[in-house]
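# Structural overview for review
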Amino acid sequence: MNNIKCPHCGLINRLDALTCLRCKLALAQNAAGGQGAAAPVAIPTGLEEFAEERPLWVAVGLWGLKTRAVAWAFVVLSILVATGSIVYWSWLGAIMYLAAVWYFLAIRWVDKNSAW
Ligand SMILES: [Zn+2]
């Protein structure tokens, strides 16, 4: 099966996709009429699902976070909130450290297995 890689964000879309699932960029539908912007790329069978689908914990962790920079901002924010909560409220604020770790691991996962 052929897929088409978005030239803008790098997401692997289905070949019949009119626009990129993530950034909504219009994708060239065939090589003959294309501007050379989006060349179909062949993904080895079995890897295509891997490239497209994020596991639930990654999808939830990065829900609504469009870019890597924003995701990193949430890591930093979570650490700041956790530290502030512990100092001014209760050790229960340490739970926010878990959120920071979650964001961090999700970012690492996307770096390795997918694209922003
Ligand atoms: Zn895209």
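Residues numbered from 1 in each chain as written. Predicted model: local features only at pLDDT ≥ 70, side-chain atom pairs only at ≥ 80, totals over all residues.

## Observations regarding the nonpolar core
By size, the foremost hydrophobic cluster in this structure holds six residues: Ile-4, Cys-6, Leu-11, Ile-12, Cys-20 and Leu-27. Residues contacting Cys-20, with those up to four places away along its chain left out, are Cys-6, His-8, Cys-9, Leu-11, Asn-13, Leu-25 and Leu-27. Counting five residues, the second largest nonpolar core, distinct from the first, contains Leu-62, Phe-74, Tyr-103 and Ala-106. (Core = buried A, V, L, I, M, F, W, Y, C linked by C-beta atoms within 7 Å. Buried ≥ 20, exposed ≤ 12 C-beta atoms within 10 Å, placed from the backbone. Contact = placed C-beta atoms within 7 Å.)

## Observations concerning the environment of Ala-99
Locating Ala-99 in the fold gives a position in helix α4 (residues 95-113). Take Ala-99: there are 17 C-beta atoms within 10 Å of it, and that puts it in the partly exposed class. (Helix = DSSP H or I, 4+ residues; strand = E, 2+ residues; numbered from the N terminus.)

## Describing unusual backbone geometry
Phi is positive for Lys-24, close to 70°, though the residue is something other than glycine. Looking at the element boundaries, Lys-24 is found in the loop between β2 (12-14) and β3 (40-42). Under the C-beta neighbour-count criterion, Lys-24 is labelled exposed, with 12 such atoms within 10 Å.

## Re α4
Between the first and last C-alpha of α4 there are 27 Å, a value that for 19 residues agrees with the 27 Å anticipated at 1.5 Å per step. Within the span of α4, buried status applies to Tyr-103, Ala-106 and Ile-107. Seen end-on, α4 carries its buried residues on one side only, within an arc spanning 100°. Across α4 from its buried face, at more than 90 degrees, point the exposed residues Ile-95, Leu-98, Arg-108 and Lys-112. (Expected span 1.5 Å × (residues − 1). Arc of directions from axis to C-beta.)

Keep in mind these numbers describe shape, not what the thing actually does.
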